[in-house]
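Structure at a glance
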Number of protein chains: 2
Amino acid sequence: MQYRSIIRILGLLIVIFSISMVPPAFVAYWYKDGAGVPFILSFVSCVVIGFLIWYPNRQYKAELKVRDGFLIVVLFWIVLGAVGAIPFMLASNPHLSLASAMFEAFSGLTTTGATVLTGIEFLPKAILYYRQQLQWLGGMGIIVLAVAILPMLGVGGMQLYRAETPGPVKDNKMTPRIADTAKHLWYIYLALTLACTLAFFLAGMSWFDAICHAFSTVAIGGFSTYDASIGHFQSPLINGICVLFLLLSAINFPLHFAAVRGKSVSTYFRDPEFKAFLAIQAALIFICFAVLLHTNVYSSTAEALNHASFQAVSISTTAGFATDGFAAWPLFLPILLIFSSFIGGCAGSTGGGLKVVRVLLLFLQGIRELNRLIHPRAVYSIKLGRRPVADRIVEAVWGFFAAYALVFVVIMLLLLLTGLDNITAFTATAACLNNLGPGLGEVAANFGSIPDASKWLLIVAMVFGRLEVFTLLVLFTPAFWKD
Amino acid sequence: MQYRSIIRILGLLIVIFSISMVPPAFVAYWYKDGAGVPFILSFVSCVVIGFLIWYPNRQYKAELKVRDGFLIVVLFWIVLGAVGAIPFMLASNPHLSLASAMFEAFSGLTTTGATVLTGIEFLPKAILYYRQQLQWLGGMGIIVLAVAILPMLGVGGMQLYRAETPGPVKDNKMTPRIADTAKHLWYIYLALTLACTLAFFLAGMSWFDAICHAFSTVAIGGFSTYDASIGHFQSPLINGICVLFLLLSAINFPLHFAAVRGKSVSTYFRDPEFKAFLAIQAALIFICFAVLLHTNVYSSTAEALNHASFQAVSISTTAGFATDGFAAWPLFLPILLIFSSFIGGCAGSTGGGLKVVRVLLLFLQGIRELNRLIHPRAVYSIKLGRRPVADRIVEAVWGFFAAYALVFVVIMLLLLLTGLDNITAFTATAACLNNLGPGLGEVAANFGSIPDASKWLLIVAMVFGRLEVFTLLVLFTPAFWKD
Ligand SMILES: [K+]
Ligand SMILES: [K+]
């Protein structure tokens, strides 16, 4: 392991991350909200900490191996989450404890969107902006992670998305390839953000709200500048815009890139994951709409459709925005939506959960087993569209599923140990592991009231979810640290 | 499909099953409890119904194909469950509705052990005996199903246990082989039942209670002749005997057979599933014991150990007996035990759940994926003991896992639709799909208070669980009914 090279990079990373403290400082200056000083202090802290980490290791520039990749990816998120928490502790409003500040920062960076704060609209604008920006930056990181880095590391069957090279990636090409991929996908990310900002503004938001909500929409983050979330605006048009951009952001970004480059919308419809994603969304919206109509929760059909489509898309893509407390919806709708967040967005998007393509592969494997029972002598291969999927990849997806289930159960049991009730523990684990945000029970609105021990556990859940479980799990094996 | 041959067999089956109404009639006569008539009527009904089904089809004796096997296995359980419900409807105490009677009969035959009855000790002895006998007969069926039939059908990776023939089984050898396997395993089942009866009697039960509880212990059924279940006896010795026989009954029966034939206890310790099973049991007992001690739920260490070992084994082997309401135990213990029932007993035993060997394979696959991440170029195969497991079997286990999860989610959502609350719906689904028995929430003690619609759904869950999901699921595919 190239420890000192890794430490050098982390130092640089913190210095670069310090720049993210500058825009909130400007926001504080602009709105005269008095929250500028903590961001200037955070900026200076980051530069100093980063420099102190980088300086003794500045000579170590060894080319990193694939195995270093696991460690560096995990440390990236942990280090950024930790320094990202500094402003929440330095500010006077909110003045958070270590556990709460870390929870808020990790929830932002992992685009989980669970919050410990209430009375959000009364916080300084600089803090509000900073939270949304954390999600937006997290989203940028996630796309590169999902599209370029995890496939190289071979995590969770994502070799599926590794460009044509079937063998292990040659070490010396790693950095430039990641940079190239990142550049192309960030253009799309930026374009979506700009379009979303403009649409929100034209639909009646202030520029500040438009930028802030565009950040958390495109990142599928779910943070808002109001306690009532998007529901604050009471606008079906804004809800519709949010749904549209959530759907766009939950699509595989390389697929966007292929469609843009080919100037062809039909590119989307040749993608099996995209088709499955649309079918799932349509089914969820339909079920919510039908149940809400049938139980007369809303006074008009239009209102039922508005809330049904918003909440179905918001929860199933793992955004976690709210218009109206879906936790209070009748019958099985709250649990259905929480379950749907296990599917989540498409792979290579900013969405959380298991990812649509993996669930699709699990489903196809189930179908294959049924067919094998009926025709034991026939040979069935699993295909995505017309492309057969190697058994190796299906196995990796199964391993991912098993690890996900194991991590889920362990974290949920530990949460019960910290004193949460059954439904809170279950949904809080789902909300954080799927990077969704809101749960049910005690955490339906926010995570402020749970014990610190629960918060730390949920931070671990967020990181497990965001790093697709295996990236973090592999660090716990003795074999990883050998030779 | 050999429909008329299948119908002929079902007719015969019902006639044979009518014999099971005779012992309860004798019990009624012996105890003069006045419940003899319903059993005589049930006996006559079964003979008449069976004859009417058999007679028009008596000429159809075509040799059955593997594919007929799925249909016949499903119909076996449905038909026996249905005619098994007759006495509960004909009796005056209890005089159950159709849904409740079916629930009780299916719960008995599938050895689930969930009950709709309260005030059990005040029921006629004949009814009490009949319920226990249902479980014992169900257990006999399950062993043959799990050891001889499902492996032939290729369900859920149980080809693992198919005797040395690697290819599909030749059709014309099916019946004698099943009969031969059944004979050997039933000797073991009978021996366990006799030993358990004797042990219970010597520990202070009446002969009636000893026989009844031996039936439901060896079948891992969980029915009792008292509302307080085994807790009625307030005897650590009886608890210990019950734990011992539950552990013995949750072991793979062919392994028992091999150990008996080889006269060697070391046979057990060469079996990886057995070792995993023991490790799981030891871990669960330890965790329960430690938490109960730490939280001072019981006044003495001996009492804590007694209840911890009893409830851990009773729930994790999916028996579902109770000494003391574990639902009221502190912290995560209730959910931990409910989760442990997903693992269940060993394959080829009377236990429910996913089965230890499958969970072991899932775990080994998870480890393999971790190793592959660390050494991408190495080749890893999954081994049980020293024997490598074919990828084909691991895939079947994954398919099983996916189907189990899908059935779980669908049934749970439908239960919420029938009006159950979240924790009741979740644990009721787990309790019935895992053939466990008791749940938490509204169904912690019994299932009498839930709506009829919920009962029907849970009957479906029991059958799905007992038939290892795929046997029933395959009937819902159009391909099954073609050609
Ligand atoms: K989110
Ligand atoms: K049971």
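Predicted, not measured: the structure shown is a model, and the values here were computed from it.

1. Focus: the overall build of chain A
When its secondary structure is counted, chain A shows 21 helices and two strands. Over its C-alpha trace chain A gives a radius of gyration of 22 Å, about what one expects of a compact globule, namely 23 Å for 483 residues. By its C-alpha atoms, chain A is 70 × 65 × 50 Å across when sized along the principal axes. Looking at the 483 residues of chain A, the share that counts as buried comes to 61%.

2. Observations regarding empty space enclosed by the protein
For the coordinates displayed, the defined rule picks out five cavities of 30 Å³ or more. When its volume is computed, the largest cavity comes out at roughly 70 Å³. When residues of the lining of the largest cavity are traced back to their parent elements, those giving at least two are α18 (422-433) of chain A together with α18 (422-433) of chain B. Per-class residue counts for the lining of the largest cavity are seven nonpolar, two polar and no charged.

3. So, the coordination of the potassium ion (ligand 2)
Residue and element names in this part refer to chain B. Here the potassium ion (ligand 2) is held by the protein donor atoms Thr 111 (O), Thr 112 (O), Ile 220 (O), Gly 221 (O), Thr 318 (O), Ala 319 (O), Asn 435 (O) and Leu 436 (O), which lie 2.5 to 3.0 Å from it. Along the chain, the residues donating to the potassium ion (ligand 2) are arranged with the sequence spacing T-T-x107-I-G-x96-T-A-x115-N-L. Of the two residues, Thr 112 is situated in the loop between α6 (98-109) and α7 (125-153) and Asn 435 in the loop between α18 and α19 (452-466); the sequence distance between them amounts to 323 residues. This pair shows no difference in class: Thr 112 is buried, exactly as Asn 435 is.

4. Some points on the relation of the copies chain A and chain B
Superposing chain A onto chain B takes a rotation of 180° combined with a translation of 0.0 Å along the rotation axis, leaving an RMSD of 0.0 Å. The transformation relating the two chain copies, once decomposed into turn and shift, fits a two-fold axis. Taken together, the interface assignments show that 100% of the residues at the interface of chain A recur at the interface of chain B, consistent with an identical surface on both copies.

5. Here we look at the pattern of salt bridges
A complete count under the given rule lists 16 salt bridges over all chains for this structure. Residues Glu 369 of chain A and Arg 392 of chain B are paired through a salt bridge, measuring 3.6 Å at the closest nitrogen-oxygen approach. Within this pair, whereas Glu 369 of chain A is found in helix α16 (residues 356-374), its partner Arg 392 of chain B is found in helix α17 (residues 391-417), the two belonging to separate chains. Here Glu 369 of chain A falls in the buried class, since its relative accessible area comes to 3%.

6. Comments concerning the packing of aromatic side chains
A complete count under the given rule lists 49 aromatic pairs over all chains for this structure. Ring centres of Phe 400 of chain A and Tyr 404 of chain A lie 5.5 Å apart, and the angle between their planes is 40°; on these two criteria the pair is classed as tilted. Separated by four residues within a single helix, Phe 400 of chain A and Tyr 404 of chain A lie in helix α17 (residues 391-417), roughly one turn from each other. No difference in accessibility class separates Phe 400 of chain A from Tyr 404 of chain A, as the two residues are buried. Ring pairs connect the aromatic residues Phe 339, Phe 342, Phe 408 and Phe 426 of chain A together with Phe 339, Phe 342, Phe 408 and Phe 426 of chain B, which therefore count as one cluster. The positively charged end of Lys 32 of chain A is found above the aromatic ring belonging to Tyr 29 of chain A, 4.1 Å away from the centroid. One cation-aromatic arrangement involves Lys 125 of chain A over Tyr 31 of chain A; the distance from NZ or CZ to the ring centre is 5.4 Å.

7. Brief notes about the domain arrangement of chain A
All names here are of chain A. Here the domain parsing of chain A yields domain 1 (3-230) and domain 2 (386-481). Computed from C-alpha coordinates alone, the two centres of domain 1 and domain 2 are separated by 20 Å. Buried area between domain 1 and domain 2, both sides added, is near 2,800 Å², and the carbon and sulfur share of it is 74%. At the junction of domain 1 with domain 2, the criterion picks out seven residue pairs in polar contact (both at pLDDT 80 or more). Among the secondary structure elements, those contributing two or more residues to the side of domain 1 that touches domain 2 are α4 (66-84), α6 (98-109) and α7 (125-153).

8. Some words on the environment of Met 462 of chain A
All names here are of chain A. Topologically, Met 462 is positioned in helix α19 (residues 452-466). Looking at Met 462, the relative accessible area reads 0%, which means it is buried. Residues Met 462 and Leu 433, 29 residues apart in the sequence, show an inter-C-alpha distance of 5.0 Å. Setting aside residues no more than four positions away along its own chain, Met 462 makes contact with Phe 103, Phe 106, Ser 107, Thr 110, Thr 112, Cys 432 and Asn 435.

9. Here we look at the coordination of the potassium ion (ligand 1)
All names here are of chain A. All of the protein donors around the potassium ion (ligand 1) are Thr 111 (O), Thr 112 (O), Ile 220 (O), Gly 221 (O), Thr 318 (O), Ala 319 (O), Asn 435 (O) and Leu 436 (O); their distances to the metal are 2.4 to 3.0 Å. Of note, the donors binding the potassium ion (ligand 1) are all from one chain and are spaced T-T-x107-I-G-x96-T-A-x115-N-L. A residue pair is termed long-range when its members are at least 10 positions apart, and Thr 318 in the loop between α14 (301-316) and α15 (333-343) and Asn 435 in the loop between α18 and α19 qualify at 117 residues.

10. Some thoughts on the nonpolar core
Membership of the largest hydrophobic core comes to 354 residues, with the highest contact counts inside it found for Phe 200 and Phe 447 of chain A together with Phe 200 and Phe 447 of chain B. For this core, the two domains that each supply at least three residues are domain 1 (3-230) and domain 2 (386-481) of chain A. Setting aside its immediate chain neighbours within four residues, Phe 200 of chain B contacts Met 205, Ala 210, His 213, Ala 214, Thr 217, Ile 238, Ile 241 and Cys 242 of chain B.

11. Describing the interface of chain A and chain B
On the chain B side, the residues contacting the 47 residues of chain A number 47 residues. Roughly 4,300 Å² is buried in total at the junction of chain A and chain B, and carbon and sulfur atoms are behind 76% of that figure. The largest per-residue losses of area from chain A upon contact with chain B belong to Leu 373, Ile 374 and Glu 395 of chain A, which jointly make up 16% of the total buried on that side. Here chain A and chain B share six salt bridges between them. A salt bridge links Arg 372 of chain B to Glu 395 of chain A, with the shortest nitrogen-to-oxygen separation between them at 2.9 Å. Put simply, chain A and chain B have six residue pairs in polar contact (both at pLDDT 80 or more) between them. For the side of chain A that touches chain B, the elements supplying multiple residues, two or more each, are α4, α15, α16, α17, α18, α20 (470-473) and α21 (478-481) of chain A. It is α17 of chain A that provides the largest number of residues to the side of chain A that touches chain B, a total of 13 residues. Here the residues of the side of chain A that touches chain B sort into 30 nonpolar, eight polar and nine charged.

12. Quick notes on the packing of α17 of chain A against helix α16 (residues 356-374) of chain B
Viewed as axis vectors pointing N to C, α17 of chain A and α16 of chain B meet at an angle of 115°, and their least axial separation amounts to 9 Å. The pairing of α17 of chain A with α16 of chain B is recorded here as roughly perpendicular in orientation. Crossing handedness for the pair α17 of chain A and α16 of chain B: left-handed. Every residue of α16 of chain B that contacts α17 of chain A at Arg 392, Glu 395, Ala 396, Gly 399 and Ala 402 of chain A is listed here: Leu 362, Gln 365, Arg 368, Glu 369 and Arg 372 of chain B. Of the residues that constitute the contact of α17 of chain A with α16 of chain B, the class distribution is three nonpolar, two polar and five charged.

13. As for the environment of Ala 105 of chain B
All names here are of chain B. Inspection of the secondary structure puts Ala 105 in helix α6. Take Ala 105: its relative accessible area is 0%, and that puts it in the buried class. When the C-alpha atoms of Ala 105 and Leu 255 are compared, they prove to be 30 Å apart, with 150 residues separating the residues in sequence. Residues in contact with Ala 105, not counting those within four places in the same chain, are Gly 81, Gly 84, Ala 85, Phe 88 and Leu 134.

14. Concerning the packing of helix α10 (residues 236-249) of chain A against α14 of chain A
Residues and elements named next belong to chain A. Taken N-terminus to C-terminus, the directions of α10 and α14 make an angle of 30°; their axes are 10 Å apart at the nearest point. On the basis of the axis angle, α10 is roughly parallel to α14. By crossing handedness, the relation of α10 to α14 is classed as left-handed. Residues Pro 236, Asn 239, Cys 242, Val 243, Leu 246 and Leu 247 of α10 touch α14, and the partners they reach there are Asn 306, Ser 309, Phe 310, Val 313 and Ser 314. Classifying every residue of the contact of α10 with α14 by side-chain character gives seven nonpolar, four polar and no charged.

What counts and how
- Residues numbered from 1 in each chain as written.
- Chains lettered and ligands numbered in written order.
- Predicted model: local features only at pLDDT ≥ 70, side-chain atom pairs only at ≥ 80, totals over all residues.
- Heavy atoms only, no water.
- Helix = DSSP H or I, 4+ residues; strand = E, 2+ residues; numbered from the N terminus.
- Rg over C-alpha atoms; globule rule 2.2 N^0.38 Å.
- Buried < 20%, exposed > 50% of the residue type's maximum accessible area, 1.4 Å probe, protein only.
- 1 Å grid on protein atoms, 1.4 Å probe; cavity = no way out; pocket = protein on both sides within 12 Å on 5 of 7 lines; lining within 4 Å.
- Points joined across faces, edges and corners; volume = space filled by probe spheres on them.
- Nonpolar A, V, L, I, M, F, W, Y, C, P; charged D, E, K, R; others polar.
- Donors = N, O, S within 2.8 Å, 3.2 Å for Na, K, Ca; no water.
- Least-squares fit on C-alpha atoms with pLDDT ≥ 70 in both.
- Contact = heavy atoms within 4.5 Å.
- Salt bridge = Lys/Arg side-chain N within 4 Å of Asp/Glu carboxyl O.
- Phe/Tyr/Trp six-rings, centres within 6.5 Å; stacked < 30°, edge-to-face > 60°.
- Lys NZ or Arg CZ within 6 Å of the ring centre and 35° of its normal.
- Domains from an automatic or database assignment.
- Buried area = accessible area lost by both parts, 1.4 Å probe.
- Polar contact = N/O pair within 3.5 Å; in protein donor to acceptor, adjacent residues only side chain to side chain.
- Core = buried A, V, L, I, M, F, W, Y, C linked by side-chain atoms within 4.5 Å.
- Axes fitted to C-alpha atoms, helices over the stretch in contact; angles between N-to-C directions.
- Parallel < 35°, antiparallel > 145°, perpendicular 65-115°, else oblique.
- Left-handed = near helix turned anticlockwise from the far one by under 90°.

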